[in-house]
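Structural overview for review
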Amino acid sequence: MGEKNASRPPVFVTRALIPSEDAFMERLRAIFSSHQLTNQGPCVQQLEKNLAHMMEVPTLSLCANGTLALQLAIRLLGLNGKTVITTPFTYVATVSALLWEGCTPLFADIDPRTLCLCPEKTERLIRKHPETAGILPVHVYGNACDVAAMRDLGQRYGLPVLYDAAHAFGSRLHGKSLFAWGDAATGSFHATKLFHTVEGGCIVSPHAGDQETLRLLRAFGHCDDNHIRPGINAKMSELHAAVGLCLLPQLPEILRGRAARCALYDAVLPWDYGLRGPRLAPGLEWNHAYYPVIFPDGAVMRAVLAALEARDIHPRRYFYPSLTKLPYLQSPSCPEAEDVAERVLCLPLWPDMEEDLIREIGATVSSVMAGA
Ligand SMILES: *Cc1c(COP(=O)(O)O)cnc(C)c1O
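On a predicted model such as this, the values are computed, not experimentally measured, just so you know.

**As for the site of the ligand**
Taken together, 14 residues are adjacent to the ligand, and Gly66, Thr67, Asp164, Ser188 and Lys193 come closest. At 2.8 Å, a side-chain N or O of His167 approaches an oxygen atom of the ligand. In the complex, 92% of the free accessible area of the ligand, which totals 380 Å², lies under the protein chains. Sorting the residues of the shell around the ligand by element identifies helix H3 (66-76) and helix H4 (93-100) as the ones contributing at least two each.

What follows is the structure, given as structure tokens:
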């Protein structure tokens, strides 16, 4: 223990997928010879079609990244400037998007079993804050929120439900993509995500006409000389879409590789010492987007983290801190989110990760836990 393994490079929480060079060069040559590098070109249109087909949703709109996808969806649903209930146990971008759209985020606590926004606590907060205009739950780690309860809340209180589905690409609930739930769902295709376009994002909405609105919102709000509404520049380039087109056919292989590596982690980690993972929603075909482990307490988690870092293995504290602790927000505390944030680690995971590395991580965790 405690020795860096000089024979291998540092290990991070994930490793970006690289498209086949031949396939990418072929697409690149076509893009360059067409001289259409961006502005809703053929690669973006093709990737939108392929993704919508794969997710079995009527339409999907690509944009420059997952944060802008959230911002566009917030505008699409008319939530900008309003009070929106969300979870404190998520990546900070969920809240940044709300703040940049002038919204007031209110945090309801999570269900400590699923780590997703708790419907009962959300309802209590809606009653306390009648100015609430919408709900923004997050499918944390690709697990599914209680979508039935959220839909019910949305209907009873007349509130749109916008899902941050940045982790959910490839997850299915009762056979349907997680993007099929909600008044809109947004995705991230950042290089660290399960499937990516280097930088990129998407919005899925079940409502007719939304794709046209999103097209305007993401491209300055005009169509030729006809200026319809204030827009922004959130377009995806042809080069980014080309990376996605090259990687998308690998999706089944990506999902299989991740599932196999999670099964190996399941086999080698010392569960008897009180480790646990999030409880997955019934009916979920999980995408294995992350490998989160919740330790019995913060001290043990930090000891494990230190032992792994001594071996040049760098898991991430997803998600730490609880966003109730953001220094630029004043928020009442959410004890469940704050508790889990203090003792969770996401272990390294990618589809072709070496099995020996998983065994080494398992052995390191085991030796720390045995000594703790
Ligand atoms: C990655 C992520 C985002 C932001 O996506 P980008 O494409 O990096 O802007 C938003 N929400 C969650 C939960 C994420 O994990």
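**Focus: helix H2 (residues 42-55)**
Taking 1.5 Å as the rise per residue, H2 with 14 residues should run 20 Å; its terminal C-alpha atoms sit 20 Å apart, in good agreement. Inspection of H2 places Cys43, Val44, Leu47, Glu48, Leu51, Ala52 and Met55 among the buried residues, and these make up the whole buried set. Considered in projection along H2, the buried side chains sweep an arc of 160 degrees and stay on one side of the axis. Summarising the geometry of H2, the exposed residues directed more than 90 degrees from the buried face are Pro42, Lys49 and His53.

**Focus on the sheet that holds strand S1 (residues 61-63)**
Read across the sheet, four strands follow the order S1-S9-S8-S5 without closing on themselves; strand pairing throughout is mixed. In this open sheet, the two strands that pair with only one neighbour each are S1 and strand S5 (162-164). On average, adjacent strands in this sheet sit at an angle of 20 degrees to one another, irrespective of strand direction. One ladder, built from four bridges, connects strand S8 (residues 184-188) with strand S9 (residues 201-204); its direction is antiparallel. Within S9, the position partnered with Ser188 by the bridge is Gly201. Against the sheet, H3 makes contact with S1, S5, S8 and S9, and its axis sits at roughly 165 degrees relative to S8, the strand it touches most.

**Quick word on the nonpolar core**
Ranked by internal contacts, the top residues of the largest apolar core, which has 78 residues, are Phe89, Tyr141, Phe169 and Phe195. In this structure, Ile313, Leu347, Leu349 and Val368 belong to the second largest nonpolar core, which totals 27 residues.

**A closer look at the pattern of salt bridges**
On inspection of all chains with the given rule, the structure shows 14 salt bridges. The partner of Arg156 in a salt bridge is Glu123, and the shortest N-O contact between them spans 2.9 Å. Here Glu123 lies in helix H5 (residues 119-128) and Arg156 lies in helix H6 (residues 147-157), a separation of 33 residues in the sequence. Classification of Arg156 by relative accessible area gives partly exposed; the value is 46%. The exposure class of Glu123 is buried, given its relative accessible area of 18%.

**Describing the packing of aromatic side chains**
Inspection of the entire model under this criterion finds 10 aromatic pairs. On the numbers, 5.2 Å between centres and 75 degrees between planes, the contact of Phe189 with Phe195 is edge-to-face. A relative accessible area of 0% places Phe189 in the buried class. Considering the side-chain rings of Tyr290 and Tyr318, the 5.8 Å spacing of their centres and the 90 degrees angle between planes classify their relative orientation as edge-to-face. Here the residue Tyr290 occupies a position in the loop between strand S12 (284-285) and strand S13 (291-294), and Tyr318 occupies one in the loop between helix H10 (298-310) and helix H11 (335-341), the gap between them amounting to 28 residues. Tyr318 matches Tyr290 in its accessibility class, with the two residues each being buried. Among the aromatic residues, those joined into a ring-pair cluster are Phe89, Tyr141, Tyr290, Tyr318 and Phe319.

Calculation notes
- Residues numbered from 1 in each chain as written.
- Predicted model: local features only at pLDDT ≥ 70, side-chain atom pairs only at ≥ 80, totals over all residues.
- Heavy atoms only, no water.
- Near = heavy atom within 4 Å.
- Polar contact = N/O pair within 3.5 Å; in protein donor to acceptor, adjacent residues only side chain to side chain.
- Areas by Shrake-Rupley, 256 points an atom, 1.4 Å probe, with all protein chains shown as cover.
- Helix = DSSP H or I, 4+ residues; strand = E, 2+ residues; numbered from the N terminus.
- Expected span 1.5 Å × (residues − 1).
- Buried < 20%, exposed > 50% of the residue type's maximum accessible area, 1.4 Å probe, protein only.
- Arc of directions from axis to C-beta.
- Pairing = 2+ DSSP bridges.
- Axes fitted to C-alpha atoms, helices over the stretch in contact; angles between N-to-C directions.
- Contact = heavy atoms within 4.5 Å.
- Core = buried A, V, L, I, M, F, W, Y, C linked by side-chain atoms within 4.5 Å.
- Salt bridge = Lys/Arg side-chain N within 4 Å of Asp/Glu carboxyl O.
- Phe/Tyr/Trp six-rings, centres within 6.5 Å; stacked < 30°, edge-to-face > 60°.

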